[in-house]
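Commentary on secondary and tertiary structure
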Amino acid sequence: MNRRQFSRAIGSSVAAAGLAGLPGQPGAAARYNGPNVVIVRFGGGVRRRETIEPGTTYAPRLLNVLAPRGVLVPNMTIAQLDGVDTSHAEGTVNVLTGRYRAYRHAGTDAVGDDLEPTEPTLFEYFRRAFDVPAHQTLLINGEDRLQEEFLSYGVHKNHGVAYRSEVLSLYRYKLWKLRDRLDNARGTDEELQAAAKELAGLEAKDHRGAAQSQAPEIDQMWRRWQIFYGDDGLKNPRGDAALTELGLWALQHLRPRLMMINYQDPDYVHWGNASHYTRAIAAIDRDLHRLVAAVDADPEYRDDTVFVVVPDCGRDANPLLSVPFQHHFNTRSAHEIWALFFGPGIARGRVLDKPADQSSVAATVGAVMGLRTARAEGRALEELIL
Amino acid sequence: MTDLLASEAPPDLETRVPIARRFGSLLRLAVAVLLCLTPLGAVLVLGWLMRMMARERAVVARRLADTGTKWPRPSLPNWVVGTATQGQSRRHRWFGGMIENIRLGLASLLTLALGTFPFSLLWLFSWWGGWENSFNKGYEQAWVGPALGLLGVGIALPLLTRLPMALAHQAAEGRISAFFAFGHVRRLTRQVGWRYVFLCFLIVLSAFPLFAAKSAPVFVENWSPGFLSRNAAEVEAFASGYRLAATAYLLLVLVIWRRAAARLHARASHRLDGLGTTGARASWLGTALRGLLLGAIWFVLVAQIYVGQFVNHQWLAWINHPVLVLPWIPQPGSVL
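All residue numbers here refer to positions counted from 1 along the written sequence of the relevant chain. By the order in which they are written, chains take letters starting at A while ligands take numbers starting at 1. A pLDDT threshold of at least 70 governs which residues receive local features in this predicted model, and a stricter bar of 80 or more applies before side-chain atom pairs are shown or counted, although totals over entire chains, interfaces and linings include all residues. As a convention, hydrogens and water are excluded, and side-chain values are obtained from all of the structure's heavy atoms.

**A closer look at the overall build of chain A**
Heads up, the rule is: Per the convention used, a helix needs a DSSP run of H or I reaching at least four residues, while a strand needs a run of E reaching at least two, with both numbered from the N terminus. Note that the radius of gyration is over C-alpha atoms, with the globule rule given as 2.2 Å times the number of residues to the power 0.38. Working definition: with a 1.4 Å probe on protein chains only, accessible area under 20% of the residue-type maximum means buried, over 50% means exposed, and in between means partly exposed. Areas reported here follow the Shrake-Rupley algorithm with a probe of radius 1.4 Å; residue values treat only the protein chains shown as occluding. Charged residues are defined narrowly, with Lys and Arg counted positive, Asp and Glu counted negative, and His plus the chain ends left uncounted. A charged residue contributes its charge at one atom only: NZ of Lys, CZ of Arg, CG of Asp or CD of Glu.
Each helix and strand in chain A was counted, giving eleven helices and eleven strands. At 20 Å, chain A has a C-alpha radius of gyration in line with the 21 Å of a compact globule built from 386 residues. Out of the 386 residues belonging to chain A, those deemed buried represent 61%. As displayed, chain A has an accessible area near 14,600 Å², and 49% of this comes from carbon and sulfur atoms. Taking the average location of the 45 positive side-chain charges in chain A and that of its 48 negative ones, the two points are 5 Å from each other.

**Looking at helix α3 (residues 88-97) of chain A**
Helical geometry: 3.6 residues make up each α-helical turn, so side chains three or four residues apart lie on a common side. Residues and elements named next belong to chain A. The buried fraction of α3 amounts to ten of the ten residues, a majority that puts the element mostly inside the structure. When α3 is considered as a whole, its buried residues turn out to be His88, Ala89, Glu90, Gly91, Thr92, Val93, Asn94, Val95, Leu96 and Thr97. Within two residues after α3, Gly98 carries a phi angle of roughly 75°, on the positive side.

**As for the confidence of the model for chain B**
Residues and elements named next belong to chain B. For clarity, the threshold we go by: pLDDT is defined as a per-residue confidence score from the predictor, taking values between 0 and 100. Working rule for contacts: check all heavy atoms of both residues, and any pair within 4.5 Å makes them a contact.
Taken as a whole, chain B shows an average pLDDT of 89; of its residues, 91% reach a score of 70 or greater. Of all secondary-structure elements in chain B, the lowest mean pLDDT belongs to helix α1 (residues 3-8), at 46, while helix α5 (residues 144-173) reaches the highest, 97. Here residues 1-7 scores under 50 on pLDDT; set against residues more than four positions off or in separate chains, the count is 15 contacts. pLDDT under 50 marks residues 10-15. Its contacts with residues more than four places away, or in other chains, come to nine contacts. The ipTM value of the predicted complex is 0.84, and its pTM value is 0.86.

**Some details on the environment of Arg302(A)**
Residues and elements named next belong to chain A. Along the polypeptide, Arg302 turns up in the loop between α9 (274-297) and β8 (305-310). Along the primary structure Arg302 and Glu50 are separated by 252 residues, whereas in three dimensions their C-alpha atoms are 29 Å apart. Excluding anything up to four places from it in sequence, Arg302 contacts Val295, Asp296 and Ala297.

**Concerning the side chain of Glu148(A)**
Residues and elements named next belong to chain A. Using the following cut-off: Here a polar contact is recorded for every N or O atom pair within 3.5 Å, except that within protein the pair must consist of a potential hydrogen donor and a potential acceptor, and residues adjacent in sequence are included only if both atoms are side-chain atoms.
Topologically, Glu148 is positioned in the loop between β5 (137-140) and β6 (166-168). Here Arg41 takes part through its side chain, which lies 2.9 Å from a polar atom of the side chain of Glu148. For Glu148, the contacting residues outside a window of four places in its chain are Arg41, His88, Ala89, Leu139, Asn141, Asn262 and Gln264.

**Focus on the packing of aromatic side chains**
As a reminder of what qualifies: What counts as a ring pair is set by centres within 6.5 Å for rings of Phe, Tyr and Trp (its six-membered ring), and what kind of pair is set by the plane angle: stacked under 30 degrees, edge-to-face over 60, tilted for all other angles. Only when the NZ of Lys or the CZ of Arg is both within 6 Å of the ring centre and within 35 degrees of the ring normal is a charge said to sit over the ring.
Tallying each qualifying case throughout the model produces 34 aromatic pairs over all chains. A ring pair is formed by Trp225(A) and Tyr229(A), whose centres lie 4.8 Å apart and whose planes are at 55°; its orientation type is tilted. Residue Trp225(A) and its partner Tyr229(A) are both found in helix α7 (residues 216-229); the two are separated by four residues, about one turn of the helix. Among the residues examined, Tyr229(A) registers a relative accessible area of 10% and is labelled buried. An aromatic cluster of three or more residues is present, and its members are Tyr268(A), Trp271(A), Phe119(B), Trp123(B), Trp127(B), Trp131(B), Phe135(B), Tyr306(B), Phe310(B) and Trp318(B). If you follow Arg162(B) out to its NZ or CZ, it ends over the ring of Phe179(B), 5.4 Å from the centre. Directly above the aromatic system of Trp194(B) lies the positively charged group of Arg290(B), at a separation of 5.4 Å from the ring centroid.

So this is what it looks like as structure tokens:
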């Protein structure tokens, strides 16, 4: 994509958005012919030092293999604004909406950390502008990050649930599994009672009923997952590796056009084992490479998929702490992140040597996909586009 | 009572000029603070505190036994030289203080370690193993970490409850085994019931500023904007000063609570001596209430430790609680 095509894409997306019909009536929009996009959240919270700085990185593939395929933005930051938290769900909303503080507490629990976007997400922009089914826009979450189940759509009046993404997570799989067991009355009465109780407990965590049902294609994938990995949840990959596995399954069975994978395990460093942080970074590095390899090996995705890798937030670099990796205290280092863009239409082997902002990610993805992210505050990083 | 008490009861106190005593005490406290900056020095301070407790206890015991005489307050023990009593060798006169500090410091470290490791090691392994398992998503044995931690709490509460009196008893008797005289320590504690509860409350209360000092560096950019822009030498200087201030506070707290524990021990022993070997039979209700209250008080210290670890984790902080065990606070930012 060159600049002219880029401008044309923006123009056509605006026109498409105009034809997209009223809220709640997806399907009247245009067919999407742009590149697929995979957003990888290099979370939860990583510093530049352990990721993109040569000599100290624990992500050698990211730095030495993937970065030369695109544009590294080493000086990206989260803006220092009142009320901006450097944390995981918050950073993810920043990426998805292109705005800061574009969230509120989901449900009635005002002090909980279940956030829902108050502005349209990339998924909503995408599905409102183009005729893309929900199961081809995917948010892949870790099972112990239930608060991120609510990031699949916002509550903006012109967008919302009608343009939501589907969510893949072990939480969703458990919901499907339990409902399937109850629907088909598989098991003894006691087992069914236990399943009903467990299901009720899981459903109670879904404050806004976002997980009542999923697309039939997702149900089919869960059926395959169950046949392959069994029912007990002890045979499938765990932790961030489970997200990678879900991503690979999605590529194979759901053929997503826009997918976001929310890695999280570096955040275990909160509890004192610095090696959890560095090992988790290395694991994401390996898994990211697996995802890219899977895309490269697929004729439909190869040369038609843009990867965007971006941390949700940075982490502290506090010399007064034995484990200087917190991120909740608004330190400069917690605001310092980076991004990597690579794929068709993106320049190769470049480093964007000027400051950029996390809120630019949504606008840039929009530009790549030909979307007009009207409510995003950040500017699209046009310098990346060929 | 052993020879220790005789040697630790200074005969020349009444002849000293008060201002010189005060200056001497300040000097000894300053030395103690400096010694607390290294683990080995802190062992010496442990011994010095035990000698201080023995002196305090001896003087209070004499006051209680002979109310007609006005006994002076004991001075703080010497760091190097011994007490000048007849028949002592030259080595003892010149280095007796240091030798006693080392001997009693090691003995105290041993008993405090044995008295706290049953729970603190459980906490250490619980935390390490629990999060290691959680990181590796070991669902099958997820219960092990929390169970070990809770077991540690269950063991900690009774052991912490007896610790101040057990330590005072060890200081008074001058032998390691006194720390483990469970029945006798329990009887002593009963004699000073609510006073002992108050002492424990003060210890836990006094630990709060140390908890705050451990947690505050996490928020350094909030209370010292631009701190992280300082160079390494400036950060080091700040960390050293910060630690020195925290250590000075720690020592002050230790001197106060150890003295108070010694006084309570003297009072309890005096009562017990007057009542025979079993002591007065306290009401079961009062004993139960005090037990519950003591458990609640010490649970606050446990909570301080856990919350402090969540905020600013240090492996050593699981096994060393400076206000109770080794009076040594690591340099902020050290790998410990």
